[in-house]
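A look at the structure
So you can see what is in the structure, the chains are spelled out below.
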Amino acid sequence: MNGLGIIWTIIVGLLAGGIAGWIMHSRRSGLTGWIVSFIVGLLGSVIGGWIYGLLGFSTSSVLGTLIMSVIGAVVLLFVVSLIWKPKSES
């Protein structure tokens, strides 16, 4: 992967994590929120690519990659929300 590919991966990861957080109504904010969004977006890209491969789809554009990454990030956030329940405030 060349330098431009890494930059695009970071941009798509941030966008995918942010969009997935918005879709799933994530309440993270600040620097920690951006870091978590970035990690979720990058992992979502991997998961989205795996899901697309299972379904026989492929992408060749930045928009297609972004959609694939958002789908993967939403799936990841959904699974994490099933496993990890935030502590209720008392």
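Residues numbered from 1 in each chain as written. Predicted model: local features only at pLDDT ≥ 70, side-chain atom pairs only at ≥ 80, totals over all residues. Heavy atoms only, no water.

So, the nonpolar core
Stated precisely, the cut-off is as follows: For our purposes a nonpolar core is just a set of buried Ala, Val, Leu, Ile, Met, Phe, Trp, Tyr and Cys residues, chained together by side-chain atoms within 4.5 Å. For the exposure calls, accessible area comes from a 1.4 Å probe over protein chains only, and a residue counts as buried if that area is under 20% of its type's maximum, exposed if over 50%, partly exposed in between. Secondary structure counts use DSSP, requiring at least four H or I residues in a row for a helix and at least two E residues in a row for a strand, with both numbered from the N terminus. Note on contacts: a residue pair qualifies if any of its non-hydrogen atoms lie within 4.5 Å across the two residues.
In terms of nonpolar packing, the biggest core is built from 10 residues, these being Val 12, Ala 16, Ala 20, Val 40, Leu 66, Val 70, Ala 73, Val 74, Leu 76 and Leu 77. Here this core gets 6 residues from one element, more than from any other, and that element is helix 3 (residues 62-83). If we ignore the near neighbours within four places in the chain, the residues touching Leu 76 are Val 40, Leu 43, Gly 44 and Ile 47.

Quick look at the side chain of Ser 45
Looking at where Ser 45 falls in the secondary structure, it is placed in helix 2 (residues 30-55). Ignoring anything within four residues of it in the chain, the contact list for Ser 45 reads Met 68 and Ser 69.

Considering the side chain of Ser 69
Note the cut-off: Pairing of N or O atoms within 3.5 Å defines a polar contact, subject to two protein rules: one partner must be a possible hydrogen donor and the other a possible acceptor, and residues neighboring in sequence count only if both atoms are side-chain atoms.
When you line up the elements, Ser 69 lands in helix 3. Polar side-chain contacts of Ser 69 include one of 2.8 Å to the side chain of Ser 45. Every residue in contact with Ser 69, bar those within four places of it in the chain, is listed here: Val 12, Ala 16, Gly 44 and Ser 45.

Notes on the packing of aromatic side chains
Both the distance between ring centres and the angle between the ring planes are used here to describe each pair of aromatic rings. For clarity, the threshold we go by: Aromatic rings from Phe, Tyr and Trp, with only the six-membered ring used for Trp, were paired whenever their centres fell within 6.5 Å, and each pair was classed as stacked if the ring planes differed by under 30 degrees, edge-to-face if by over 60, and tilted otherwise.
Going through the model one piece at a time under the given rule, you end up with 1 aromatic pair. A ring pair is formed by Tyr 52 and Phe 57, whose centres lie 5.7 Å apart and whose planes are at 70°; its orientation type is edge-to-face. On the basis of relative accessibility, which here comes to 14%, the residue Tyr 52 falls in the buried class.

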